[in-house]
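Fold and contact review
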Amino acid sequence: MAELRILPKPLVRRPDTIDNLEYLREFGRTFEDTRKRTNALEGIIGYGSFIMSQNQWLGADAGGPHRMRMQFDFKYGDSKGLTPVSPTGRIQFDEPGLWKIDAQARAWQTPTGGDNLIWLDIEARRANGELIRKQSIDYPAGSSGKIIRGGMTVEIPDEIGCYAEVWCYSGKWRWFYGGADWTEFTLRKLSSNTMSQALPNPGEPGGNPE
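Rules used in this analysis
- Residues numbered from 1 in each chain as written.
- Predicted model: local features only at pLDDT ≥ 70, side-chain atom pairs only at ≥ 80, totals over all residues.
- Heavy atoms only, no water.
- Helix = DSSP H or I, 4+ residues; strand = E, 2+ residues; numbered from the N terminus.
- Contact = heavy atoms within 4.5 Å.
- Areas by Shrake-Rupley, 256 points an atom, 1.4 Å probe, with all protein chains shown as cover.
- pLDDT = per-residue confidence, 0-100.
- Phe/Tyr/Trp six-rings, centres within 6.5 Å; stacked < 30°, edge-to-face > 60°.
- Lys NZ or Arg CZ within 6 Å of the ring centre and 35° of its normal.
- Salt bridge = Lys/Arg side-chain N within 4 Å of Asp/Glu carboxyl O.
- Buried < 20%, exposed > 50% of the residue type's maximum accessible area, 1.4 Å probe, protein only.
- Core = buried A, V, L, I, M, F, W, Y, C linked by side-chain atoms within 4.5 Å.
- Pairing = 2+ DSSP bridges.

Regarding the overall build of the chain
Of regular secondary structure, the chain possesses one helix and 13 strands. Reading the secondary structure of the chain in the N-to-C direction produces α-β-β-β-β-β-β-β-β-β-β-β-β-β. For the chain, the share of sequence-separated contacts (at least 6 apart) that also reach a separation of at least 24 residues comes to 71%. Accessible area for the chain stands at about 13,600 Å²; split by element, carbon and sulfur atoms hold 53% of it.

As structure tokens, then:
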């Protein structure tokens, strides 16, 4: 006895609508694009990378003569757990815990006189400006442009408004380049919870070693 089979009715293509196959193709492309974008920082607790969008000239500022806060005002890619504080160049922490901070800048010689060294300071502060930790790096510049780079780890307390910033200063080298080739301010969270650690302070060096 012959088997009776009922075949599904074929789809009728309508000019003014998208057929099922094309719709599924488009949905798949949209879903894959969304998946790639949302998963860029999957598993990352806190991260952000910022660059200086403009060149910067070091003059006199509240932080001291020829010392200037660097304007890391452009977010490079996705970020998580951080908020840029425009137009200060500061980056605010939205997550407490242990963070690794790296910064890079490039200085260029100017006609002004002064010390041949270039300083880069990375600072983390509470909302009221109280210093949490500071790392100072200095380089002798030589006779041409100089890239200066440094980093530190810091424990950010569970408080609203803590932030990080970068300062540079020099006597002779007062032009600082902007752009992604020369500048970077990257912050990465290392811990999944807040840590407690007291940092030693040896004070100012002095006296004669025995």
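Section: the confidence of the model for the chain
A residue-level look at the chain finds 67% of positions with pLDDT of 70 or above and a mean pLDDT of 79. Contacts of residues 10–18 to residues separated by more than four positions or lying in other chains number three contacts, the stretch itself having pLDDT below 50. Throughout residues 194–198 the model reports pLDDT below 50, and contacts reaching past four residues in sequence, or to other chains, amount to eight contacts.

Things to note about the packing of aromatic side chains
The full count for this structure, using the stated rule, is six aromatic pairs. For the ring pair phenylalanine 72 and phenylalanine 185, a centre distance of 5.1 Å and an interplane angle of 50 degrees mean the geometry is tilted. Here phenylalanine 185 lies in strand S13 (residues 184–189) and phenylalanine 72 lies in the loop between strand S3 (67–69) and strand S4 (74–75), a separation of 113 residues in the sequence. Seen in terms of ring centroids, tryptophan 119 and tyrosine 169 are 5.0 Å apart; in terms of plane orientation they differ by 0 degrees. Their pairing is stacked. With tryptophan 119 in strand S8 (residues 117–125) and tyrosine 169 in strand S11 (residues 163–170), this pair connects stretches of sequence that are 50 residues apart. Three or more aromatic residues link up through ring pairs in this structure, and these residues are Trp108, Tyr177 and Trp182. Its guanidinium or amino end placed over the ring of tyrosine 177, arginine 106 lies 4.7 Å from that ring's centre, counting from NZ or CZ. Note that arginine 106 overlies the ring of tryptophan 182, its terminal NZ or CZ placed 4.2 Å from the centroid.

Quick notes on the pattern of salt bridges
Counted under the stated rule, the structure contains 11 salt bridges. We note a salt bridge from lysine 189 to glutamate 95, for which the minimum N-O separation is 3.5 Å. A residue pair is termed long-range when its members are at least 10 positions apart, and lysine 189 in strand S13 and glutamate 95 in the loop between strand S6 (90–93) and strand S7 (97–108) qualify at 94 residues. Accessibility expressed as a relative area gives 30% for glutamate 95, which makes it partly exposed. A salt bridge links aspartate 102 to lysine 100, with the shortest nitrogen-to-oxygen separation between them at 2.6 Å.

Description of unusual backbone geometry
For the peptide bond that leads from serine 86 to proline 87, omega is 0 degrees, which places it in the cis range. Along the polypeptide, proline 87 turns up in the loop between strand S5 (82–85) and S6.

Digging into the nonpolar core
Of all hydrophobic cores here, the largest spans 32 residues; its most connected members are Met70, Phe93, Ile101, Leu120, Phe176, Phe185 and Leu187. At the level of secondary structure, the elements contributing two or more residues to this core comprise S6, S7, S8, strand S10 (146–156), S11 and S13. At five residues, the largest contribution of residues to this core is made by S7. The residues touching phenylalanine 185, leaving out its near neighbours within four places in the chain, are Gly48, Ser49, Phe50, Phe72, Gly89, Ile91, Ile101, Asp102, Ala103, Ala164, Glu165 and Val166.

So, the side chain of serine 191
Examined against the element boundaries, serine 191 turns out to sit in the segment after S13. Classification of serine 191 by relative accessible area gives buried; the value is 7%. The residues contacting serine 191, other than those within four sequence positions of it, are Ile45, Gly97 and Leu98.

A look at the pairing of S13
Sheet topology note: the strand S1 (residues 47–51)/S13 ladder contains four bridges and is antiparallel. Counted as the bridge partner of glycine 48 is leucine 187 from S13. Across six bridges, S7 lies against S13 in antiparallel orientation. Of the residues in S13, the one forming a bridge with alanine 103 is phenylalanine 185.

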